[in-house]
Amino acid sequence: MDFALTGEQEALRDTAAKYLADERAHADADRAWTDVTGLGWLDPELGTVELALLAEQLGHARSPSPWWATVGLAGPALRAGGRTLRRPATLAWAEESGPGTLAALLPPARSDGDVSCTVAADGTLDGRKVAVPHAGEAVDLVVAVAGPDGVELRLVDASALHPAPSDAGPAALDPTRPAATVDLSGAASTPLVAAHASGDVLAMTRRRTLTLLAAEAVGVATRALAWATGYATARTQFGRPIGANQAVAHPLAELYGQVETARSLAYRAAWSVDAEPGPVADRAVATAAVAGREAATTACEAAIQTYGGSGFTWEQPLHHWYRRAWWLATFDGTVSDLRAELAALLLDGTTGQDAPGR
Amino acid sequence: MRRMDLRDSAEEAAFRSGLRDWLTRSVPVTAGADGAPARGRWDDVDAVRSFSAALHEAGYAGLTWPVEYGGRGLSPVHQAIYLEESARAEAGEHIGVIGLGMVGPTVIACGSPAQRAWYLPRILTGEIIFCQGFSEPEAGSDLSAVRTLARRDGDTLVVTGRKVWSSYAHLADHCLLLARTDPGATRHRGLSCLLVDLRTPGVTVRPIRQMTGEAEFAEIEFDEARVPLDAVVGDVGDGWRVAMTTLAHERGTFGFTLTARLEVAFRRLVATARARGRDTDPLVRDQIAARYVELEGLRWTNRRALAELRRTGTPGPETSVVKLRWSQAHQRLTALGVRLTAGGRPDGWDRYWRREMLRSRANTIEGGTSEVLRNVIAERVLGLPRSY
């Protein structure tokens, strides 16, 4: 048993941190994407542990990059279909009156007829997908559509589509995580994953995406805690740093414990996704997702409180991370949904028999 | 290339399966007809003693002690595996928890050859049972305020004072005592650590009845008790360093002990929910899942800290959070147990959870209060200014 990062993993993480601390990483989307490919962040050799380390740093920097959607949401289907990851990519799975979450697309939750988007014999699609992350930036769009044998995954060139953004401006939870409605009617598509294999690929897609976002949430939480700690040390009231008051210091100490346990769980889930059987990995992923999401919102709230009035202003960057934390907390289901899933894994059927365990 | 791998190595897996077989054969069944644990941990001391002897005979006592002192010389990973498997098998603990985990390692690190030769084999067999005499009525969180005096009189030290909250003192016959050998010194100076036989004239052990109704702790009174000078561990006046060695060992793999106990409690919680037909209630399910997340957070943080310990030789900052979060998790879990068993026909489970819930109130106090732990994290890990 060895739960230590290797030298290569640490180097990957440190390089990412250094690059993301630079303005260049956030200035221009096209150039940032060229950097992402140049840095090797789309390489097929990267396992989920390495991807999680990158996601953590991207969360720390609150990067707007569609990288997570490319490697997380679209990656497993593209790779299963023999494609390489090169361009920004995403996955369209949700429908207005069809499946809402990725979980709803997985057997046995999914039943025939849930998916109303269809594909004709010549590959032409029909139907509409909602809440497609980064639909405006993605070039490769993976879609889950109903074919003659069931739900299959197909590839669409998204540059020909005209996604309708579903939220924007300050009202958007996190404007750097835009979602859009995509009308697929008449769009040409090529096959990626046949119906018989789509369940496994989508299960892996969900595991990997939720794990990357759990790691990202840990990065968000780490940044918020660092800000709060810095401010508590620097800000003076009543003739001493506010952090010299236990009423300020102790919640941050608690938070440290919450963030570190969430980090352990995120790394563990990342390892599990590649190394352990499905039900075990599902349990690890749901656990990490709950802990990571809760750590991110709690950390941002603690930071805002520590900053006092200035923490509530638009000028202070805290709200950008808080918005990301809430986006994370509600992506593809809430923390309550994840706990319900975890309870099912622990209490129902045979997979719960050996819980808690390896 | 070395890779992160959370599985057992081949050698660790072999150790685990051998241990599992042994536990299957050796752990006595104690659960009642309803599946609830029939007794408290120490209700049947004879059974604990004989299980401890069996553990020693099978080579599972002193796993991490060096071979030359009768241990197995294994890594903390093996200790962690031992704790996990014992928890799964609902096995009891070795009677000499304090001796094996704290006093023995301290004697190995700081003791004289004669002390090592006398105490170490007897700790391993369970023949000598240690308790710890650190806290006093006026020295709780502030351990350096110790007042118990050990006055030099020729070749003996004459000990006078009062120790409180000595866990296992009701079973123990020996005590690792922190006393002031230099009455003129204050704070961390002029202290010494002594190995004291509790049957020495002038020593009185009085159980402290706790809110559960039991007495797992005791007050130890020393009234001119005469202890030979060679009972001092390390040098006279070096007691603070020795005591810190002891406490460092408490923090080493103690997180695994605590988490293993929490894992047992979680399994019992699930069993209780099933036994009472509450496992289909969505609110109960949400709570059980939340407790599971806390348990897993501790398990994997322990492992991450262990990896850091192996790599750098010192426990990482993660270690400091385990006790803090374990105590809170255990309190929430036992409270849920009480709520699950409220109402209905009384059985073993409601008795069990009521006791555990009351006992868990001490968790945020014993072995470093949560307030002191938060200070430690705030100052030493986060680098915040010293707080008041």
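Looking at an unreviewed UniProt entry, chain B carries the name Acyl-CoA dehydrogenase, with the source organism given as Micromonospora humi. Word for word, the UniProt comment on chain B under Cofactor (unreviewed entry) is "FAD". Its UniProt record gives chain B a comment under Sequence similarities (unreviewed entry), which states: "Belongs to the acyl-CoA dehydrogenase family."

Named according to an unreviewed UniProt entry, chain A is Acyl-CoA dehydrogenase originating from Micromonospora humi. The Sequence similarities (unreviewed entry) comment attached to chain A in UniProt states, word for word, "Belongs to the acyl-CoA dehydrogenase family." You can read under Cofactor (unreviewed entry) in the UniProt record for chain A the words "FAD".

**A few points about the overall build of chain A**
The helix and strand inventory of chain A stands at 10 helices and 11 strands. Evaluated residue by residue, chain A yields a buried proportion of 59% over its 358 residues. A separation of at least 24 residues holds for 73% of the contacts in chain A among residues at least 6 apart in sequence. Of the roughly 13,600 Å² of accessible surface on chain A, 55% is carried by carbon and sulfur atoms. Distance between charge centres in chain A, computed from 28 positive and 42 negative side chains, equals 4 Å.

**Describing the overall build of chain B**
Each helix and strand counted, chain B has 11 helices and 8 strands in total. Relative to the compact-globule value of 21 Å for 388 residues, chain B shows a C-alpha radius of gyration of 21 Å, a close match. If you line up chain B on its principal axes, its C-alpha atoms span 70 × 55 × 50 Å. Split into buried and exposed, the 388 residues of chain B put 54% on the buried side.

**Quick notes on the pairing of strand S3 (residues 156–167) of chain B**
Residue and element names in this part refer to chain B. Relative to S3, strand S2 (residues 149–153) is paired through 5 bridges, and the arrangement is antiparallel. Counterpart to Arg-152 in the pairing with S3 is Leu-157. Turn length for the S2-S3 hairpin, with the two strands adjacent in sequence and antiparallel, is 2 residues, and the turn residue Gly-154 shows positive phi of about 65 degrees. Pairing of S3 with strand S7 (residues 217–228) involves 9 bridges; the strand directions are antiparallel. Counterpart to Ser-166 in the pairing with S7 is Ala-218.

**Side note on the sheet that holds strand S7 (residues 164–165) of chain A**
Residue and element names in this part refer to chain A. As summarised here, the arrangement of the 3 strands in space is S4-S8-S7, forming an open sheet in which the pairing is antiparallel. On the outer flanks of this sheet lie strand S4 (128–133) and S7, each paired with one strand and no other. Judged from the 4 bridges that link them, S4 and strand S8 (residues 179–183) form a sheet pairing that is antiparallel. Pairing of Pro-133 across the sheet is with Ala-179, part of S8.

**Some details on the domain arrangement of chain B**
All names here are of chain B. What the domain assignment lists for chain B is domain 1 (10–95), domain 2 (130–238) and domain 3 (253–381). Facing 8 residues of domain 2, the contacting portion of domain 3 comprises 8 residues. Taken together, both faces of the contact between domain 2 and domain 3 bury some 600 Å²; the carbon and sulfur share is 55%. Summed over the three residues of domain 2 that lose the most area to domain 3, namely Ser-141, Met-211 and Thr-212, the buried surface amounts to 57% of that side. For the pair domain 2 and domain 3, the interface holds 3 salt bridges. One salt bridge in this structure joins Glu-216 and Arg-359, with 2.6 Å as the shortest N-O distance. Along the contact surface separating domain 2 from domain 3 lie 3 residue pairs in polar contact (both at pLDDT 80 or more).

**Looking at the nonpolar core**
Within the largest apolar cluster, 141 residues are counted, with the highest numbers of intra-cluster contacts made by Trp-41, Trp-67, Val-142 and Leu-252 of chain A together with Phe-266 and Ile-288 of chain B. Broken down by element, the residue count for this core peaks at 18 residues, all from helix H6 (residues 195–234) of chain A. Other than its neighbours up to four places away in sequence, Val-142 of chain A contacts Ala-74, Ala-77, Leu-78, Thr-90, Leu-91, Ala-92, Leu-153, Arg-154, Leu-155 and Leu-192 of chain A. Counting 54 residues, the second largest nonpolar core, distinct from the first, contains Val-48, Met-102, Ala-139 and Leu-178 of chain B.

**What about the side chain of Ser-86 of chain B?**
Within the fold, Ser-86 of chain B resides in helix H3 (residues 76–88). Leaving out residues up to four positions away in the same chain, Ser-86 of chain B has contacts with Leu-23 and Ala-91 of chain B.

**Let's talk about the interface of chain A and chain B**
Facing the 54 residues of chain A at the interface are 59 residues of chain B. Across the chain A/chain B interface, buried area totals approximately 5,200 Å², and carbon plus sulfur atoms make up 60% of it. One salt bridge connects Arg-285 of chain B with Asp-348 of chain A, and the closest N-O pair in it is separated by 2.7 Å. Inspection of the chain A/chain B interface yields 14 residue pairs in polar contact (both at pLDDT 80 or more). Counting residues per element, the ones that place at least two in the side of chain A that touches chain B are helix H1 (7–20), helix H4 (48–60), H6, helix H7 (246–275), helix H8 (278–307) and helix H10 (335–347) of chain A.

**Section: H3 of chain B**
All names here are of chain B. With 13 residues, H3 should reach 18 Å at 1.5 Å per residue; the first-to-last C-alpha distance of 18 Å fits that figure. Counting buried residues along H3, 12 of its 13 residues qualify, which places the element largely inside the surrounding structure. Of all the positions in H3, only Val-77, His-78, Gln-79, Ala-80, Ile-81, Tyr-82, Leu-83, Glu-84, Glu-85, Ser-86, Ala-87 and Arg-88 are classed as buried. Along its buried surface, H3 packs onto helix H1 (10–26), helix H2 (45–57), helix H7 (254–275) and helix H8 (282–312). Just beyond H3, the residue with positive phi is Glu-90, at close to 55 degrees.

**Topic: helix H5 (residues 113–125) of chain B**
Residue and element names in this part refer to chain B. A rise of 1.5 Å per residue sets the reference length of H5, with its 13 residues, at 18 Å; its end C-alpha atoms lie 19 Å apart and thus fit the reference within 8%. Those residues of H5 that sit buried are Gln-115, Tyr-119, Leu-120, Ile-123 and Leu-124. Elements that come into contact with the buried residues of H5 comprise H2, helix H4 (97–110), strand S1 (130–133), strand S4 (174–180), strand S5 (191–197) and strand S8 (232–233). Downstream of H5 by a residue or two, Gly-126 has a phi angle that is positive, lying close to 90 degrees.

**Focus: the pattern of salt bridges**
Within this structure, the stated rule accounts for 55 salt bridges over all chains. The shortest N-O distance in the salt bridge between Arg-263 of chain A and Glu-260 of chain A comes to 3.0 Å. Of this pair, Arg-263 of chain A and Glu-260 of chain A both sit in helix H7, 3 residues apart, roughly one helical turn. Comparing Arg-263 of chain A with Glu-260 of chain A shows no difference in burial state: the two are buried. A salt bridge links Glu-85 of chain B to Arg-20 of chain B, with the nearest nitrogen and oxygen atoms 2.9 Å apart. Of the two residues, Glu-85 of chain B sits in helix H3 while Arg-20 of chain B sits in helix H1, which places them 65 residues apart along the sequence.

Criteria and thresholds
Residues numbered from 1 in each chain as written. Chains lettered and ligands numbered in written order. Predicted model: local features only at pLDDT ≥ 70, side-chain atom pairs only at ≥ 80, totals over all residues. Heavy atoms only, no water. UniProt positions renumbered as here; feature names shortened; annotations may be inferred. Helix = DSSP H or I, 4+ residues; strand = E, 2+ residues; numbered from the N terminus. Buried < 20%, exposed > 50% of the residue type's maximum accessible area, 1.4 Å probe, protein only. Contact = heavy atoms within 4.5 Å. Areas by Shrake-Rupley, 256 points an atom, 1.4 Å probe, with all protein chains shown as cover. Lys, Arg positive; Asp, Glu negative; His and termini not counted. Charge placed at Lys NZ, Arg CZ, Asp CG, Glu CD. Rg over C-alpha atoms; globule rule 2.2 N^0.38 Å. Pairing = 2+ DSSP bridges. Domains from an automatic or database assignment. Buried area = accessible area lost by both parts, 1.4 Å probe. Salt bridge = Lys/Arg side-chain N within 4 Å of Asp/Glu carboxyl O. Polar contact = N/O pair within 3.5 Å; in protein donor to acceptor, adjacent residues only side chain to side chain. Core = buried A, V, L, I, M, F, W, Y, C linked by side-chain atoms within 4.5 Å. Expected span 1.5 Å × (residues − 1).

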